[in-house]
Every structure is written in C-alpha cells, then in structure tokens.
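# Overview (structure and organization)
Below are the chains, spelled out letter by letter.
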Amino acid sequence: MAETKREIERKYDIGADATLPDLTGVAGVADVVDRGVVELDAVYWDTADQRLAAGSVTLRRRTGGADEGWHLKLPVSLADGVRDEIHAPLSDAVPRDLAGLVRSRVRGADLLPVVRLLSTRTLSHLVDADGTLLAEVAVDRVLAERLTADTGTAEWTEAEVELADGADPALLDKVEKKLRKAGARRSASPSKLARALAETAPPDGDAGRARTETPVGGGRKAAKKAGKKEAVAEAVREAAAEGSGSTGDHVLGYLRAQCDAIVSLDPAVRRDLPDAVHQMRVATRRLRSAFKSYRKILDRTVTDPVGDELKWLAGELGVARDQEVLAARLADRVDALPATLLLGPVRGRLRVWDVARRTGARGRTVAVLESKRYLALLETLDTLLAAPPLRPAATKKPAKALPKAARKDYARLAARIEHALALPPGHERDLALHAARKAAKRARYAGESAVPALGKPARRFAERMKAVQGVLGDHQDSVVAREEMRALAIQAHMAGESAFTWGLLYGQEEAAGADRQRELPPVWAKASRRKVRAALGE
C-alpha cells in the first residue's frame, strides 16, 4: 500500500571538500544531532523520451536508508521546493499504484531504468530544546550513471535541507542564510535526476527529445493543405520570435496551459484529493470552450471531434462532482430547518440517497482515466499542439482578434438571455436559462483567456460574465435540487413516511429559483452592450 507525505526541501551546491557551518547558531535550533553515514542506491525510471522528467516527476527504486522502496515525487510548488512523495514497498517491478499515477504522462510507453545514482549521505538532524525534530540536513556525494545506450557519468556534492512534519517553514530561510554565508548556493536543478540527466546527456543532445510529429499523408491535396498550415504556423513562430506575439501564439499558449492542467491533475484525481475532479473538469471545459470561441483561429474540422471527446470526459468527471455539490446543498437546507419541521427520518433518507448515488462513482472515475479512450484523447491533444490546425487569422494581432471572439460569445449570450426572459416562468424558461448559463461560461472563459494579451479590459469583461454565470448557475442548481426533492418526497410517501419536510424544502428551492430570476436583469444590466463595447471596443 502506497503512503504519501508532503516534502518541503531545498538543495544547495557545495564543493566536494566543503563542510557545513555549525547550524546551532540558527534561531530555534538547540542542537545538531549526527545521524551517521548511509549508502544509497537509487535507480530512476522513465520513458525513453523522458516524459516524467519533462513534467518534473521522478520515479525511483532505492535501497539503503530508512525508507528504501519505491518513491514517486509529484510537484506541488517547484519554486518553493514542495513535492508530494508517495512511497511503496520494495519490489522488482514498478508498483501498480505508482504506475497508475504516472499514466497520464507515460500512456502506452514503457517505463525503464534511465539513471542510477549512488550517494554517500552524511545525515544530521536539527532539533529544538525539547529534542523535537525540526529539519533533516544531508550532505550527498553523488555518482550518476546513465543507463540507456548513450551512457555517461557525472559526480557532484550537494546539501539538502528537508523540513520536518509540522515544523515552521520559516526555518528554511534561516538555515539558508547561514549556508549562503558559508558559500553554499541554491541548486539550479530541481532534483538530482534533473542534474544527472543534464550532466550525462550525450553531446548531440538527442536524449529526451520529444516525440516526433505524425507525418501528413493523403496525396497532393493533403500535401497542399499541409503546406498552407505550415506557412501559417511559420508566420506565427516568426511573430513569437520577434516578441510581437500573434493571436495564434496566444491561443496556443492558452491551449497548452489547459492540456498541462489535465495531465498534471490526473494523479490528484486518482488520489481523490480535494477539488481535483472539479479542477480537471474545468480544464477540459476551458479547452473545449476555446476551440469554439476561436474557430476563426483554429480549423474546426480538426477541433470539433476533439471537443466532442472533451465533452465526454467532462461528463464522466461530473458524475461524482455534481452529486457532491447537490448533496451539500440539500444537507444545508435540512440543517437550516428547525427540528419541529423535520417530520420523519429526513436525515437518514438523505444519507441513504447520497450513498446510493455515490456508490461506485470513484471507481468509475478511475476506470475512465485508465480507459483507452481517455489515453487516446491525451495523445490527440499532443498531436494537435505539435501540429496546430491554425487558420490565416492566427497571424493577426491579439488586440484585434481576441476582443472580436469575446464579443461574438457575448452576442450569443445576449440572445439566449433575451429569449429566456421573454418566456413565462416554468419548465421552458428553466431550460432556456440553463442554455444561457452555458453561454455565459463560454463568454467568461473567452475573457479570461484574453487577459494575458489584453489585460484589464478582458479581466473586467470576464468578471461581468462570471457574475451572470453565477446567478444562472444558482438558478440551475435550484432546478436540479427541486427534481431531487420531488423524487425523495415520492420515496418517503411510498415508504409510509411523512413527505411534509420534502414538500417544504421543494418550496424553498422554488422560491430560491424565483429570486435568482428576479436578480438576473440587474446583474445583466451591468454587463450591457455599451459596457462591453467600452471594455473591448467595437
């Protein structure tokens, strides 16, 4: 069974003959306890093209020391030296749990040994006056050997300072001040593996090269089309090289960020970390929304099928998330009622309903992430980014093309809101408001995606769209909650229980939905066409 700990550490380059200063002078450190010397033998695993290393992920099998076994390190905040370290018992093959956590990066490629590090570690513990461990300090003399066909070796000495669980992170700054005075310098490499790969790389630099692009086939017509796409791509690259930045360059940067988010969040979803499913779902929606907003920039014959797959993924991720949000809303409604209005086993029925709806949800989510369809989607996204289907408009300046895309999404939203508000209250209006909510989300994402290029105007536009989306979203939540209240009332009645409380809660949700409908016009007025034109221009 894998175990996880949060690792907060800093690495320093020191000379081979250097000695660390006396750290008992650091505020809060009462003593430095010598923990002796240990020999460590670590073999790092990766794909042939180093996909894990490219994502600052390390997977190793280490013997020696108190924690020998398999270690997978996932970045949390590389700038602050924070990573999650997941430990599994020693075995010959990569443990199944750890292999799953790197699936989004590895996919169908084989994991193999790429680097071996032999370290002689001199270990010390920094403790306070009560003997409580504050930090672990290690001086490592490292011999690195590349295990692939292009073999090479490197040697260096470094120091690591790892914060103990529960210790004050400010201690690291104090220790660093002392180390820097003694000549130590923060390591430029985020990990031993990164340094080993860099210093043992073959002279031609081919090791770790990204996967090659898929060749284009299909005869003269396909070749001509590919030539046009390459000409557009070349114009975008030239603009980026000149520092001017084209619309295509900006849009591709945004797409890469969302694709990176999906891949990076995959392990967090598998580990069932808080909000991970929601964040991954948001990334898929942002990506799909960008394909639609930027149809003048990207060839939709390529992006539409990818968007359909992203819609499938978002739907699968939403099963557990939607139930979680709905259950919390219903529970809050029940908790807010006085005990005199809770007739029958209301809380018990709500719990049974929630458990029944959640059963198997997590297993289903993990199964989706292991599916061939999901892994094929990730490969498709890689291919799309490697050979982006850019249209001629991609060469234009962002100041012109991005506002135009946002205004188009706004016009779509405006038409849907006007249509919804013209309908009488009821089921048809609820459906129309839900459609408007989707349009508001798309307009908001268009504004947010334009912020790096347009700055404050795009941010202001996105905030107004978010406010509209919020009102429409809460209205839709009330609609869904009402449907569940009615179903629960029927179940209670059929079981011979009182349905009074469920009817009362239904009425509350109905009133909440009506409140949101009354709230919509003034919120929408703050996002008027005049204000949008003022923010984004004509």
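The rules behind these values
- Residues numbered from 1 in each chain as written.
- Predicted model: local features only at pLDDT ≥ 70, side-chain atom pairs only at ≥ 80, totals over all residues.
- Heavy atoms only, no water.
- Helix = DSSP H or I, 4+ residues; strand = E, 2+ residues; numbered from the N terminus.
- Buried < 20%, exposed > 50% of the residue type's maximum accessible area, 1.4 Å probe, protein only.
- Areas by Shrake-Rupley, 256 points an atom, 1.4 Å probe, with all protein chains shown as cover.
- Contact = heavy atoms within 4.5 Å.
- Core = buried A, V, L, I, M, F, W, Y, C linked by side-chain atoms within 4.5 Å.
- Expected span 1.5 Å × (residues − 1).
- Salt bridge = Lys/Arg side-chain N within 4 Å of Asp/Glu carboxyl O.
- Pairing = 2+ DSSP bridges.
- Phe/Tyr/Trp six-rings, centres within 6.5 Å; stacked < 30°, edge-to-face > 60°.
- Axes fitted to C-alpha atoms, helices over the stretch in contact; angles between N-to-C directions.
- Parallel < 35°, antiparallel > 145°, perpendicular 65-115°, else oblique.
- Nonpolar A, V, L, I, M, F, W, Y, C, P; charged D, E, K, R; others polar.
- Polar contact = N/O pair within 3.5 Å; in protein donor to acceptor, adjacent residues only side chain to side chain.
- pLDDT = per-residue confidence, 0-100.

### Brief notes about the overall build of the protein chain
For the protein chain, the count of helices and strands is 17 helices and 9 strands. By principal-axis analysis of the C-alpha atoms, the protein chain measures approximately 80 × 70 × 45 Å. Across the 538 residues that make up the protein chain, the buried fraction comes to 46%. When the accessible surface of the protein chain is split by element, carbon and sulfur atoms take 53% of a total near 26,600 Å².

### A few points about the environment of Ala88
Relative to the helices and strands, Ala88 is located in strand β5 (residues 82-88). Ala88 has contacts with Gly69, Trp70, Pro95 and Leu98, leaving out every residue within four places of it along the chain.

### So, the nonpolar core
Within soluble globular proteins, side chains that are nonpolar generally end up buried alongside one another. In this structure, Leu255, Ile262, Leu287, Phe291, Ile297 and Tyr374 are the most contacted members of the largest nonpolar core, which totals 44 residues. Contributions of two or more residues to this core are made by α7 (247-270), α8 (276-293), α9 (300-336), α11 (361-370), α12 (372-386), α13 (398-422) and α14 (427-454). Sort the elements by how many residues they give to this core and α7 lands first, with 9 residues. Residues in contact with Ile297, not counting those within four places in the same chain, are Thr247, Gly248, Val251, Pro389, Leu390, Arg391, Ala393, Ala394 and Ala401. Of all hydrophobic cores here, the second largest spans 24 residues; its members include Ala420, Ala439, Phe461 and Leu536.

### Re α8
Between its first and last C-alpha atoms α8 spans 26 Å; for 18 residues at 1.5 Å apiece the expected length is 26 Å, and the two agree. Along α8, 13 of the 18 residues are buried, which leaves the element largely enclosed by surrounding structure.

### Quick notes on the pattern of salt bridges
Under the criterion given, the structure shown has 47 salt bridges. Across the pair Glu7 and Arg83 runs a salt bridge whose closest N-O atoms are separated by 3.2 Å. Here Glu7 is found in strand β1 (residues 3-13), whereas its partner Arg83 is found in strand β5, with 76 residues between them in sequence. Across the pair, Arg83 and Glu7 agree in class, each one buried. A salt bridge links Arg270 to Asp266; the nearest nitrogen and oxygen atoms lie 2.5 Å apart. Remark: Asp266 and Arg270 occur in helix α7; sequence separation between them is 4 residues, near one turn of the helix. Its relative accessible area of 9% is what places Arg270 among the buried residues. By relative accessible area, which is 0% here, Asp266 ends up buried. Sharing partners across several salt bridges, the network here consists of Glu7, Glu9, Lys11, Lys73, Arg83, Glu85, Arg121, Asp140, Glu158, Glu160 and Lys192.

### Things to note about the pairing of β5
In terms of burial, β5 is a largely internal element, 7 of the 7 residues being buried. Because side chains alternate across β5, one face comprises the buried residues Val82, Asp84, Ile86 and Ala88, and the other comprises Arg83, Glu85 and His87, equally buried. Examined bridge by bridge, β1 and β5 share 6 bridges and lie antiparallel to one another. When the sheet's bridge partners are listed, Glu7 is paired in β5 with Arg83. Across 7 bridges, strand β4 (residues 69-77) lies against β5 in antiparallel orientation. Bridge pairing in β5 places Trp70 opposite Ala88. Hairpin geometry of β4 and β5 is characterised by an intervening segment of 4 residues between the two adjacent antiparallel strands and by a positive phi of about 70° at Gly81.

### What about unusual backbone geometry?
Positive phi, normally seen in glycine, also occurs at Gln50, with a value near 60°. The residue Gln50 is located in the loop between β2 (31-46) and α1 (51-54) in this model. Among the residues examined, Gln50 registers a relative accessible area of 13% and is labelled buried. In this model, Ser56 sits at a positive phi of 60°, which is unusual for a non-glycine residue.

### Regarding the packing of aromatic side chains
Applying the stated criterion across every chain yields a total of 3 aromatic pairs. Each member of the aromatic cluster is reached from another via a ring pair, and the members are Tyr410, Phe461 and Trp524.

### Considerations on the packing of α7 against α13
Closest axis-to-axis distance for the α7/α13 pair is 9 Å, and the angle between their directions is 55°. By the angle class used here, α7 and α13 are oblique. Residues Thr247, His250 and Val251 of α7 form the contact with α13, whose own contacting residues are Pro398, Ala401 and Leu402. In terms of residue class, the contact of α7 with α13 is built from 4 nonpolar, 2 polar and no charged.

### Digging into the environment of Arg364
Along the polypeptide, Arg364 turns up in helix α11. As a C-alpha pair, Arg364 and Leu133 span 231 residues in sequence and 42 Å in three-dimensional space. If near-sequence neighbours (up to four positions away) are discounted, Arg364 is found in contact with Glu316 and Val319. Within polar-contact distance, the side chain of Arg364 engages the side chain of Glu316 at 3.0 Å.

### What to know about the confidence of the model for the protein chain
With 91% of its residues at a pLDDT of 70 or more, the protein chain shows a mean pLDDT of 89. Of all secondary-structure elements in the protein chain, the lowest mean pLDDT belongs to helix α6 (residues 219-242), at 50, while strand β3 (residues 58-63) reaches the highest, 97. Contacts from residues 206-220, a stretch scored under 50 in pLDDT, to residues over four places away or in other chains number 17 contacts. Within the model, pLDDT remains below 50 along residues 239-243, and this stretch shows 5 contacts once partners closer than five positions in the same chain are excluded.

### Quick look at the packing of α11 against α12
In contact at an axis separation of 5 Å, α11 and α12 are set at 50° when each is read in the N-to-C sense. In terms of axis orientation, α11 runs oblique to α12. Across from Val368, Leu369 and Glu370 in α11, the residues of α12 making contact are Lys372, Tyr374 and Leu375. Partitioned by chemical class, the residues of the contact of α11 with α12 number 4 nonpolar, no polar and 2 charged.

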